[in-house]
Amino acid sequence: MWNRMKKRMTTLAVAASMALMTGCGSMMEITADIDEMLAYMDAQERPMVSDEPEIPQNLIFIIGDGMGVPQVYASVVAQRENNSAFLRFPYSGFSRTYSRNHYRTDSAAGGTALTTGKKVDNYHVNWGPDSARYNTIFDDAVKAGMSTGFVVTSNVLDATPASTYGHVPYRKMYDTLSIQMAQCAHSVMIGGGRSNFFPANRKDGLAPLDTLHSRGYMVTYDIDTMDAYAGDRMVALLFEGDPLTAPARGDMLTRGAKKAISMLGRNKEGFALMIEGSQIDWACHNNDTAYLRAELADFESMLNAVLDFAERDGHTLVVVTADHETGGVTLPSGDIDKGTNEVRFLWGSHTGVMVPVFAYGPGANYFSGIQENVDIPAKIRWLMNFEQ
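What comes next is a walk through the structure. (Residues numbered from 1 in each chain as written. Predicted model: local features only at pLDDT ≥ 70, side-chain atom pairs only at ≥ 80, totals over all residues. Heavy atoms only, no water.)

For the protein chain, the helix and strand inventory stands at 13 helices and 14 strands. Taken across its 388 residues, the protein chain has 55% of its residues classed as buried. For the protein chain, the proportion of contacts with a sequence separation of at least 24, taken over those separated by at least 6, is 72%. Summing over all exposed atoms, the protein chain offers an accessible surface of approximately 16,200 Å²; the carbon and sulfur share of this is 53%. (Helix = DSSP H or I, 4+ residues; strand = E, 2+ residues; numbered from the N terminus. Buried < 20%, exposed > 50% of the residue type's maximum accessible area, 1.4 Å probe, protein only. Contact = heavy atoms within 4.5 Å. Areas by Shrake-Rupley, 256 points an atom, 1.4 Å probe, with all protein chains shown as cover.)

With the rule as written, the count across this model stands at eight aromatic pairs. With 6.3 Å between their ring centres and 55° between their planes, Tyr-123 and Tyr-170 make a pair best called tilted. Taken together, the residues Tyr-123 in the loop between α4 (107-116) and α5 (137-143) and Tyr-170 in the loop between α6 (159-162) and α7 (174-183) connect sequence positions 47 residues apart. Put simply, the rings of Phe-86, Phe-89, Phe-299 and Phe-358 touch in pairs and so form one group of aromatic residues. Here the guanidinium or amino end of Lys-119 rests over the ring plane of Tyr-98, the centre of that ring lying 3.5 Å away. (Phe/Tyr/Trp six-rings, centres within 6.5 Å; stacked < 30°, edge-to-face > 60°. Lys NZ or Arg CZ within 6 Å of the ring centre and 35° of its normal.)

Both faces of strand β6 (residues 234-237) are covered, namely the face carrying Met-234 and Ala-236 and the face carrying Val-235 and Leu-237. As paired elements, strand β4 (residues 188-192) and β6 share four bridges and run parallel to each other. When the bridges of β6 are listed, Ile-190 appears paired with Ala-236. As defined by bridge partners, strand β5 (residues 218-220) adjoins β6 across three bridges and the pair is classed as parallel. When the sheet's bridge partners are listed, Val-219 is paired in β6 with Val-235. Crossover β5 to β6 through helix α9 (residues 223-228) is right-handed. (Pairing = 2+ DSSP bridges. Right-handed = clockwise from strand over helix to strand, strands pointing away.)

The next subject is the side chain of Gln-71. In this structure, Gln-71 sits in helix α3 (residues 69-79). Apart from residues lying up to four places away in sequence, Gln-71 is in contact with Gly-66, Cys-284, Leu-292, Leu-296, Glu-325, Thr-326 and Val-329.

Here the focus is the pattern of salt bridges. Tallied over the entire structure, the rule returns 18 salt bridges. Across the pair Arg-202 and Asp-175 runs a salt bridge, and its minimum N-O distance is 3.9 Å. Here Arg-202, found in the loop between β4 and α8 (208-214), pairs with Asp-175, found in helix α7; they are 27 residues apart in sequence, far enough to count as distant. Among the charged side chains, a salt-bridge network with shared partners connects Asp-224, Asp-227, Asp-251 and Arg-255. (Salt bridge = Lys/Arg side-chain N within 4 Å of Asp/Glu carboxyl O.)

Now for the sheet that holds strand β3 (residues 147-155). Judged by pairing direction, the sheet is mixed, and its 10 strands sit side by side in the order β5-β6-β4-β3-β7-β1-β8-β13-β2-β14 without closing on themselves. The open sheet has two free edges, formed respectively by β5 and β14 (369-372), since each of these has just one partner strand. Neighbour-to-neighbour, the strand axes of the sheet open up by a mean angle of 15°, direction not taken into account. In this structure, strand β1 (residues 58-64) lies alongside strand β7 (residues 271-277), joined through six bridges in parallel fashion. In the sheet register, Gly-64 faces β7, and the bridge partner there is Gly-277. Against the sheet, helix α10 (residues 252-264) contacts β1, β3, β4, β6 and β7, and its axis sits at roughly 175° relative to β7. (Axes fitted to C-alpha atoms, helices over the stretch in contact; angles between N-to-C directions.)

Right, here's the structure in full:
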């Protein structure tokens, strides 16, 4: 964090020095030069002013896959008496989610937009026209000396986690993604999908697990071993395939989030962590109300744990949003006192509606209003003072 702070302070000093070097004019002329340079910086959408926000030391970027406004409000009502974690966020807004080639994005293009700031075609992961490979905010964090990782309730090779480390033209290229994951810079990776890492289950016969071991990662398949690990690099593949649904998988999401924060938080330069409630989307694809309620309750538990940490820490930016809405959910009736909702689904796929954005911590106010999904990582890059 100190390096990023010095960079921002140096920028201001350089602006003043350049104005002074324009000649030995009057103080009024020098002030005019400085004002002109600051105006130029404002035009570049990187306002360098003395009262700009604190640089967050840490970033926790949370994605509720398929989570639209109705899903959020269903959760708010279910928690009763204003106990929902969503109500703890002081700032909120909306995100427009369309992809480069479709009104309704999929999770690959949606995840890419949120991690890179680039609109891509559906099914592409950090992959643009002419095979362009886009850097992510997590790549930027590593360049800044920070530690990074992710925790998901899906296969670790699924589209959203893959958007933090992968580059493929088709999201189902699991053999390629598992190799890219084994070679990436994340310090902590938690989810399901261990079968994809064994040679017997792969078309290429390769063993990305060997790559992880050779790079010093502890690989575990057990959540208690995950919790007990005291090292710096870990991959927890807690399920053979996709993780179980809530509540059958237990408190994997909350425990995983706490463990990742604990490990990544040892880095004095800070950390960037992505957490996904993956199966909110799956419940809506299935038009399964009970499944959706359980996943939202699990998501609430994780949010409270993250916000408790952020409140204690005081230097962590928490941003929560969705890659898209799923199911066309509506809530035609309910009972506030009883904490119940009637949930109805339009269909079993994604919709193109805007999704909510919530923010807490340094710079949280910048995420209010209606924005493009690609604006969110752009704002994060500016607030974190990442080099481009």
